[in-house]
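Analysis of the macromolecular model
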Amino acid sequence: MEGEIRNFIAVWITALLSLCYCHTISKFIPRGATRFCTILPIILLFLYLPLHLTTIHLGSTTAFFITWLANFKLLLFAFGKGPLSSNPPLSLPYFLLFSCLPIKVQHHQAPPNSPKPQVIQNQKYPSPQTSQNSHKSPANYGTKIVLLAMLIQAYRYKESIHPKVIMVLYGLHIYINLELLLVIVAAAVRTSAQLELEPQFDEPYLATSLQDFWGKRWNLMVSSILHPTVYVPVRSISARVIGRKWAPLPATIAAFFVSGLMHELIFYYAGRLRPTLEVTCFFLIHGVCLAAEIAVKRALNGKFRLPRVVAGPAVIGFVVVTGVWLFIPAFLRFEADVMVKRETAAYVEFAKEVVRVANVRFRSFNVVSA
């Protein structure tokens with residue numbers, strides 16, 4: 001575990017230094033093909049760095065933040081778009097934070113005659129989500145912590161539980177674990193930098209359509225970065241061919257296709273197994289179905305909608321069935337559940353060792369001082 005943590009620190013130091021380079025060259029090289037060529041080596045480096053990490057907690061998280069988020073934002077930045085491009089330009093600390101994290105400004109009412117704060121939120125490509133529930137009650141998170149503990153206990157009896165039910169529990173575990181992890185990160189950023197991470201999940205089990213689920217409730221940081229990098233360009237090109245009304249359909253499918261490929265890449269970093277494209281098929285199916293849903297809504301001009309009591313269970317049922325069919329098996333193929341259990345035990349032992357060493361040094365310091 002010590003070696004993994006050393007590699008983790010080295011990877012992130014390299015990533016931050018690389019982002020400092022990107023911030024610096026933007027002062028001298030205008031947006032466009034030339035800036036893209038100067039940033040391309042960093043994009044390729046960010047694809048390589050996660051290969052130095054072998055754990056899910058550190059490796060997959062790092063891959064998501066630098067290989068997916070940072071790389072996509074750097075692609076936009078090369079052409080003067082996205083959250084890294086603003087007027088006035090971002091300061092270096094904000095540039096580093098914005099590159100790797102889904103951040104928006106924490107708006108505070110400024111006192112009269114105070115200097116105008118730096119505008120950081122990108123206005124051209126705002127986040128697609130519209131929910132206002134960015135701050136949930138402690139009871140909400142407390143309930144999810146209790147539920148997570150119950151899931152962990154249930155795994156002890158998985159030999160007596162149907163494998164498909166276990167897959168559903170794993171899917172629920174992934175959702176709760178991701179949300180709680182990102183809440184902890186958000187709290188740290190909010191406290192240290194007075195910035196607020198974008199809300200990542202908005203009770204996805206309450207979704208009433210695929211559009212509601214993927215666009216407003218599930219893993220919203222992915223939606224916010226795929227929107228300007230994939231959806232908008234494909235929609236613009238498609239509009240010239242099939243018209244503005246239907247251009248969102250191929251754009252939606254393209255965004256889901258890219259999302260599937262990026263998930264395949266992150267799964268590869270975690271398990272180092274040859275991709276089977278099951279995860280890509282999962283996202284393609286959802287992309288096609290979402291495009292069909294949008295087409296039907298546009299054809300009917302929004303005059304007909306299924307009752308919430310029918311639409312809600314239908315959407316969640318579709319997500320669960322396709323997830324158990326394609327997504328969770330790919331997740332388990334590299335024994336992610338076993339890896340998480342082993343890593344958690346290793347982190348606990350490492351923390352105990354750190355506390356023990358700290359206590360020994362503290363006692364030695366007290367003896368010397370006495």
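Per-chain numbering applies: the sequence of each chain, read as written, is numbered from 1 onward. Local features in this predicted model are restricted to residues of pLDDT 70 or higher, and side-chain atom pairs are both shown and tallied only at a pLDDT of 80 or more, whereas totals for entire chains, interfaces and linings draw on every residue. Calculation of side-chain values draws on the structure's entire complement of heavy atoms; hydrogens and water are dropped beforehand.

Quick notes on unusual backbone geometry
Cis rather than trans, the peptide bond between N87 and P88 has omega equal to 5°. Phi at E203 is positive, roughly 45°, even though this residue is not glycine. Helix numbering and strand numbering both begin at the N terminus, where a helix is a DSSP run of H or I of at least 4 residues and a strand a DSSP run of E of at least 2. Along the polypeptide, E203 turns up in the loop between β2 (195–197) and α7 (210–217). Unlike most non-glycine residues, L277 shows phi in positive territory, near 70°. Along the chain, L277 falls in the loop between α9 (248–271) and α10 (278–299). Buried means the residue's accessible area, taken with a 1.4 Å probe over protein chains only, is under 20% of the maximum for its type, while exposed means over 50%, and partly exposed covers the values in between. Take L277: its relative accessible area is 46%, and that puts it in the partly exposed class.

Section: the pattern of salt bridges
We count a salt bridge whenever a side-chain nitrogen from Lys or Arg sits within 4 Å of a carboxyl oxygen from Asp or Glu. Tallied over the full model, the rule gives 5 salt bridges. Linking K144 and E203 is a salt bridge whose minimum nitrogen-to-oxygen distance equals 3.3 Å. Of the two residues, K144 sits in helix α5 (residues 138–154) while E203 sits in the loop between β2 and α7, which places them 59 residues apart along the sequence. For the pair formed by K144 and E203, the shared burial category is buried. Measuring nitrogen to oxygen at the nearest pair gives 3.2 Å for the salt bridge that ties K297 to E293.

Observations regarding the packing of aromatic side chains
For Phe, Tyr and Trp, where Trp contributes only its six-membered ring, two rings pair if their centres lie within 6.5 Å, and the inter-plane angle classes them as stacked under 30 degrees, edge-to-face over 60, or tilted in between. What the rule picks out here adds up to 23 aromatic pairs. Each ring, one from W214 and one from F282, has its centre 6.5 Å from the other, and the planes form 70°; the classification is edge-to-face. With a gap of 68 residues between them, W214 in helix α7 and F282 in helix α10 connect regions that are remote in the sequence. An identical accessibility class is assigned to W214 and F282; each is buried. Between F331 and F334, the ring centres sit 5.8 Å apart and the planes meet at 70°, which makes this aromatic pair edge-to-face. Judged by relative accessible area, F334 falls into the buried class, the value being 10%. Counting every residue linked through ring pairs, the aromatic cluster contains Y175, F201, F213, W214, W218, F256, F267, F282, F283, F327, F331 and F334.

Some remarks on the nonpolar core
Of all hydrophobic cores here, the largest spans 87 residues; its most connected members are F46, I66, W68 and L74. The element contributing the most residues to this core is helix α3 (residues 56–78), with 13 residues. Any two residues whose heavy atoms approach within 4.5 Å at even a single point are treated as in contact. Beyond its immediate chain neighbours, meaning those up to four positions away, W68 contacts A63, V222, I225, L226, S259, M262, H263 and I266. Within this scheme, the nonpolar core is defined by two criteria: the residues are buried Ala, Val, Leu, Ile, Met, Phe, Trp, Tyr or Cys, and they are joined through side-chain atoms within 4.5 Å.

Description of a nonpolar patch on the surface
Only residues above 30% relative accessible area that lack a salt bridge enter a patch, with like-charged residues linked at up to 9 Å and the nonpolar side chains Val, Leu, Ile, Met, Phe, Trp and Tyr linked at up to 5 Å. Computed by Shrake-Rupley with a 1.4 Å probe, the accessible areas treat only the displayed protein chains as cover when residues are assessed. Residues V296, L300, F304, L306, V309 and V310 make up a contiguous nonpolar surface patch of about 580 Å² in total accessible area. Structurally, V296 is set in helix α10.

Brief notes about the environment of A70
Its location among the elements puts A70 in helix α3. Exposure remark for A70: the relative accessible area of 0% places this residue in the buried category. Sequence separation between A70 and L84 is 14 residues, and the spatial gap between their C-alpha atoms is 9.9 Å. When residues no more than four places from it in sequence are discounted, the contact partners of A70 are F46, F65 and S99.

Side note on the side chain of E4
Residue position: E4 is located in helix α1 (residues 2–25). This count recognises Lys and Arg as positive and Asp and Glu as negative, with His and chain-terminal groups excluded. Buried and unpaired, E4 has no salt bridge, with R272 as the nearest side chain of opposite charge at 7.3 Å. Whenever two N or O atoms come within 3.5 Å, that pair is a polar contact, provided that in protein one can donate a hydrogen and the other can accept it, and provided that, for residues adjacent in sequence, both atoms are side-chain atoms. In terms of polar contacts, E4 uses its side chain to reach the side chain of T55, at 2.9 Å. Excluding anything up to four places from it in sequence, E4 contacts H52, L53, T54, T55, L58 and G59.

Examining helix α11 (residues 308–333)
The span expected for a helix works out to 1.5 Å for each residue beyond the first. With 26 residues, α11 ought to run about 38 Å at 1.5 Å a step, and its terminal C-alpha atoms sit 36 Å apart, in line with that. In α11, a bend of some 55° at G323 exceeds every other bend along the element. Just past α11, the residue E335 takes up positive phi, approximately 55°. Fitting axes to the seven residues that end at a residue and to the seven that start at it, the angle between those axes gives the bend at that residue.

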